[in-house]
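Architecture at a glance
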Amino acid sequence: MHPFRAKREHSQLYSRRCDPRLVKKLRHAYGTYERRPSEFQHKVSTVLSQIGWEHELEYVTEDGLSLDMARPSAKCGIEVDGPRHFLWNPRTESWVENGSTRL
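Residues numbered from 1 in each chain as written. Predicted model: local features only at pLDDT ≥ 70, side-chain atom pairs only at ≥ 80, totals over all residues. Heavy atoms only, no water.

**Some details on unusual backbone geometry**
Excluding glycine, most residues fall at negative phi; most peptide bonds, likewise, are trans. Applied cut-off: Helix and strand definitions follow DSSP, with helices as H or I runs of at least four residues and strands as E runs of at least two, each counted in order from the N terminus. Categorising residues by exposure relies on relative accessible area from a 1.4 Å probe, with only protein chains included: less than 20% of the type maximum marks a residue as buried, more than 50% marks it as exposed, and the intermediate range marks it as partly exposed.
Positive phi outside glycine occurs at Glu58, with the angle close to 50 degrees. Along the chain, Glu58 falls in strand β1 (residues 56-60). Classification of Glu58 by relative accessible area gives buried; the value is 16%. One non-glycine residue, Lys75, lies in the positive phi region at around 50 degrees. With respect to the element layout, Lys75 can be found in the loop between β2 (66-71) and β3 (76-78). The class for Lys75 is exposed, based on a relative accessible area of 52%.

Rendered as structure tokens:
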């Protein structure tokens, strides 16, 4: 399944389970949240622009999902998980997702 479609279906699933009044409040709160792309997102965006992939930063879908970068006309979105999304695990000597990234 295409990731853009999967996220939308995921959003619709939760919308059906929740009280519609709560969903409305959450979407309003989320819509007023100021989005600030990270330095890493800006770097990725710059490279994408340099190779000719025009896009929007912090694009919000009709369902209220925020994508780090998107080309809405192609229904293509990119999520950038930079260094702050991972923690070093010395026991396994590998990088692992932090709690919020895994969630």
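Let us keep going from here.
**Here's the deal with the pairing of β1**
Rule in force here: Two strands form a pair only when DSSP identifies at least two bridges running between them.
Summarising the sheet, β1 and β2 pair through four bridges and their orientation is antiparallel. Looking at the pairing, Tyr59 lines up with Leu67 of β2. Two successive antiparallel strands, β1 and β2, enclose a turn made up of five residues, where Gly64 displays a positive phi of approximately 90 degrees.

**A look at the packing of aromatic side chains**
The following threshold applies: Note on ring pairs: Phe, Tyr and Trp rings are taken, using the six-membered ring of Trp, and paired if centres are within 6.5 Å. Classes follow the plane angle, with under 30 degrees stacked, over 60 edge-to-face and the rest tilted.
All told, the structure shown has one aromatic pair when counted by the stated rule. When the ring of Trp88 is compared with that of Trp95, the centres are 5.3 Å apart and the planes differ by 65 degrees; the resulting orientation is edge-to-face. With a relative accessible area of 44%, Trp88 lands in the partly exposed category. Using a relative accessible area of 58% as the deciding quantity, one classes Trp95 as exposed.

**Thoughts on the pairing of β2**
In terms of burial, β2 is a largely internal element, five of the six residues being buried. The sheet contact formed by β2 and β3 spans three bridges and is antiparallel. Its bridge partner being in β3, Ala70 is matched across the sheet by Gly77.

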